[in-house]
Amino acid sequence: MADAKKKITIVGIGLIGGSLGLALKAAALPGVEIVGTDRYVENEHKALKMGAIDRREHNIPRAIEGASMVIVAVPIPAIPETFQQIAPDLADGAVVTDTASTKAEVMRWAAEMLPPGVSFVGGHPMAGKETGGIEHADATLFEGKGYCICPSITATPSAIQQVTGLAGLVGAQPLFMDPPEHDQYAAAVSHLPLVVSTALFTLLRSSPSWDDLGVMASSGFRDLTRLASTDPEMSHGIWRTNREAVIHWLDRMIAELSRYRELLKDAQDETLLQAFIEAQLQRDEFLRDPPRRKPMDTGAKVDAKDSMMRMLVGGMVVDGLKRAQQLPETMAAAAAEREKSADANAKPKSTFSDRVAEGVRRDLEKLRSRPDEQSLPSETPEKPED
């Protein structure tokens, strides 16, 4: 029987790629193999040892070949080259998504460099740490976080559903946006804090009094400057691909700082106190009850794991797997009915449970014998590559 495993390939196994791998592995998708590839072999070995992937493959063509979904989780400056590398080996109908924190430029690169038979769906999980690298990967990194989804105009509905299912599987909330909208909002809530955090650190670090300031610096300073430890390559990619939006919000931040400067100069201390009180109350309210987008009304509750499996492996196989899981109970019921209806001097009659169980067995045998993509996934996992 041909190997019917479906393959998800993660290109770039750092913090985000590794965390996606761990979350997907935790979801235990039957018959789905997670393959990881990275420009650094040691990252592949670490990901394999951590259980973030089933198999490592340093050769890009072999890593991409036959993949149903390819997740590009590399720094923004490396995305064009990565698209060019994977393009020749993408299967017709494959889904490609990314995790970059800007979208407009990435969408343009995808349109220019990926083959027409592929569906690109831009993605950006709104989660991360200031410390990058596979060693900091966490299966729970995306739980409760927003996951921005920006489909290309040529993406199929099935591809969009697959990426939506991916977001749901890792515990995130899908947020559909067009690329310019995404980039403006990301500049406000993600990229501006990165600039401010970095600027605060460089301001004080460059002071002639740094030796004393550094000794005094405690949790408040460390918390506010945490993002200054972000990977410089990632920061540079953000500025390069979302420059105007970041400048827009930086100008507004400068204006807001000027407002507070005027409040500090104002002799009316009550006005300054009122500003601090309002800010505290509004932030506390945000922490208690953050804004939420209304979920799309599909008319039915959607199971992310079931949806992802149907898209990747095929609805017939999913139904077959579910029925296979129920087979022991069905067989037990058949045996019980046989005992009840058994005659010491006669052969037991075929019961309803017998017929149901036999029908399940026949259906599963048909699925196993199919050579195409509807074949039942093997129950024996492949041995991970060393």
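About the criteria used
Residues numbered from 1 in each chain as written. Predicted model: local features only at pLDDT ≥ 70, side-chain atom pairs only at ≥ 80, totals over all residues. Heavy atoms only, no water. Helix = DSSP H or I, 4+ residues; strand = E, 2+ residues; numbered from the N terminus. Buried < 20%, exposed > 50% of the residue type's maximum accessible area, 1.4 Å probe, protein only. Contact = heavy atoms within 4.5 Å. Areas by Shrake-Rupley, 256 points an atom, 1.4 Å probe, with all protein chains shown as cover. Pairing = 2+ DSSP bridges. Axes fitted to C-alpha atoms, helices over the stretch in contact; angles between N-to-C directions. Patch = residues over 30% accessible without salt bridge, like charges linked within 9 Å, V, L, I, M, F, W, Y side chains within 5 Å. Salt bridge = Lys/Arg side-chain N within 4 Å of Asp/Glu carboxyl O. Phe/Tyr/Trp six-rings, centres within 6.5 Å; stacked < 30°, edge-to-face > 60°. Lys NZ or Arg CZ within 6 Å of the ring centre and 35° of its normal. Parallel < 35°, antiparallel > 145°, perpendicular 65-115°, else oblique. Expected span 1.5 Å × (residues − 1).

### Focus: the overall build of the protein chain
Scanning the protein chain from N- to C-terminus turns up 15 helices and 8 strands. Scored against the burial criterion, the 386 residues of the protein chain give a buried share of 40%. Of the contacts made within the protein chain by residues no fewer than 6 positions apart, 73% connect residues no fewer than 24 positions apart. Split by element, the accessible area of the protein chain, about 21600 Å² in all, is 55% carbon and sulfur.

### Focus: the sheet that holds strand 7 (residues 146-151)
Reading across from one edge, 3-2-1-4-5-6-7-8 is the order of the 8 strands in this open sheet, with mixed pairing throughout. The sheet terminates laterally at strand 3 (55-56) and strand 8 (173-176), the two strands that pair on one side only. Pairing geometry for strand 1 (residues 6-11) and strand 4 (residues 67-72), over 5 bridges, is parallel. Within strand 4, the position partnered with Val-11 by the bridge is Val-72. Sheet strands in contact with helix 5 (residues 104-113) are strand 5 (95-98), strand 6 (119-125) and strand 7, and its direction is about 160 degrees off that of strand 6.

### Some points on a nonpolar patch on the surface
Nonpolar side chains collect at one region of the surface, where Leu-273, Ile-277 and Leu-281 lie side by side and expose about 270 Å² of accessible area between them. Take Leu-281: it is sitting in helix 12 (residues 269-288).

### Some thoughts on the packing of aromatic side chains
Between two aromatic rings, the relevant description is the distance of the centres plus the angle of the planes. Evaluated as defined, the whole model comprises 5 aromatic pairs. Ring geometry for Phe-83 versus Phe-120: centroids 5.7 Å apart, planes at 75 degrees, classification edge-to-face. With Phe-83 in helix 4 (residues 79-86) and Phe-120 in strand 6, the pair connects residues that are 37 residues apart, well separated along the chain. Exposure class is identical for Phe-83 and Phe-120. Each is buried. Taking the centre distance of 6.2 Å and the plane angle of 45 degrees together, the rings of Tyr-260 and Phe-276 count as tilted. One end of the pair, Tyr-260, is in helix 11 (residues 243-265); the other, Phe-276, is in helix 12, with 16 residues separating them in the sequence. Taking NZ or CZ as reference, Arg-259 lies 4.9 Å from the ring centre of Tyr-260, over its face.

### Re the packing of helix 11 against helix 12
Geometrically, a packed helix pair is captured by the angle between its two axes and the distance between the axes. Across the interface, helix 11 lies against helix 12 with an axial gap of 8 Å and an inter-helix angle of 140 degrees. Relative to helix 12, the element helix 11 is oriented oblique. Residues Tyr-260, Leu-263 and Leu-264 of helix 11 form the contact with helix 12, whose own contacting residues are Thr-271, Leu-272, Ala-275, Phe-276 and Ala-279.

### Brief notes about helix 1 (residues 15-27)
The terminal C-alpha atoms of helix 1 lie 18 Å apart, and with 13 residues this matches the ideal 18 Å at 1.5 Å per residue to within 8%. Counting buried positions over the 13 residues of helix 1 gives 11, a clear majority of the element. Just past helix 1, the residue Ala-28 takes up positive phi, approximately 55 degrees.

### Topic: the pattern of salt bridges
On inspection of all chains with the given rule, the structure shows 14 salt bridges. Between Glu-262 and Arg-261 there is a salt bridge whose closest N-O contact spans 3.7 Å. A relative accessible area of 44% means that Glu-262 is categorised as partly exposed. Among the charged side chains, a network of salt bridges with common partners joins Glu-33, Arg-55, Glu-57 and Arg-62.

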